[in-house]
Amino acid sequence: MKTMSLQFHATIEDIYEFIIGVKDIQSYRICGITYFPNFTIENVEENMDVTDIKKYDYIVISKNRIPSAKNNYEFMKLQNNNLIIDIGTNNSEGIKESVISVFSETEIDSDWRKLLNNYKKSLLRGAWVLNPGTNAKSYYKNHKYTVNAKKAYESGVKICPIAGWNIYELTNEQDM
């Protein structure tokens, strides 16, 4: 299986802008998926706005019909060569990392490859990773984030990983 992914910090507005940008390129199929309290798949191609994005755990964008399933495990097994945007938690307390990924049984679609590479180039990079328990710090030059995530950080919003308790400081290596 071939995979391609990109982890980054972004606001809900950034995720929305990314999806709209993809949608403007081509009329793709777009679904929003929720895990809890029930697994649901909703078509969000028409009349989507930022508030719609907030209620989903992830978004699937496809060139073809998006298949349905009874649960997330079955659904994810059917996502061959679709773009999957796992939306990190965004609220006033913190922003968790988001992930854009593509899985394929054959080759990754060249449009997805180009889209992810271009998006990666648009992101800011470099952050300090801080362990709040020990105050140990290490600079990670390849950490990626949007301009809006940096603005949120500068206004006091905590920047968190997908899992764990470390936090990111979105400053240059020379700033510390």
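Notes on the structure follow. (Residues numbered from 1 in each chain as written. Predicted model: local features only at pLDDT ≥ 70, side-chain atom pairs only at ≥ 80, totals over all residues. Heavy atoms only, no water.)

**Section: unusual backbone geometry**
At the junction of Phe36 and Pro37, the peptide bond is cis and its omega measures out at 5 degrees in the coordinates. Its location among the elements puts Pro37 in the loop between strand E2 (29-34) and strand E3 (40-43). Notably, Asn81 is not glycine yet its phi reads approximately 60 degrees, a positive angle. If you trace the backbone, Asn81 turns up in the loop between helix H3 (72-77) and strand E5 (83-86). The backbone of Asn135 sits at a positive phi, close to 65 degrees, despite the residue not being glycine. (Helix = DSSP H or I, 4+ residues; strand = E, 2+ residues; numbered from the N terminus.)

**Brief notes about the layout of surface pockets**
Empty space left among the atoms is revealed by rolling a probe the size of a water molecule over them. Volume-wise, the largest pocket comes out at about 150 Å³. Considering the residues around the largest pocket, the lining is formed by Leu6, Gln7, Glu97, Val129, Tyr140, Asn142, His143, Lys144 and Tyr168. At the level of secondary structure, the elements contributing two or more residues to the lining of the largest pocket comprise strand E1 (2-8) and strand E10 (137-145). Residue classes in the lining of the largest pocket are distributed as four nonpolar, three polar and two charged. (1 Å grid on protein atoms, 1.4 Å probe; cavity = no way out; pocket = protein on both sides within 12 Å on 5 of 7 lines; lining within 4 Å. Points joined across faces, edges and corners; volume = space filled by probe spheres on them. Nonpolar A, V, L, I, M, F, W, Y, C, P; charged D, E, K, R; others polar.)

**Regarding the pattern of salt bridges**
Inspection of every chain in the model, using the stated rule, returns five salt bridges. Among the ionic pairs, Lys55 bridges to Glu42, the shortest N-O distance being 3.6 Å. Of this pair, Lys55 sits in the loop between helix H2 (50-54) and strand E4 (58-62) while Glu42 sits in strand E3; the two residues are 13 residues apart in sequence, bridging distant segments of the chain. On the basis of relative accessible area, Lys55 is assigned to the partly exposed category, the value being 45%. (Salt bridge = Lys/Arg side-chain N within 4 Å of Asp/Glu carboxyl O. Buried < 20%, exposed > 50% of the residue type's maximum accessible area, 1.4 Å probe, protein only.)

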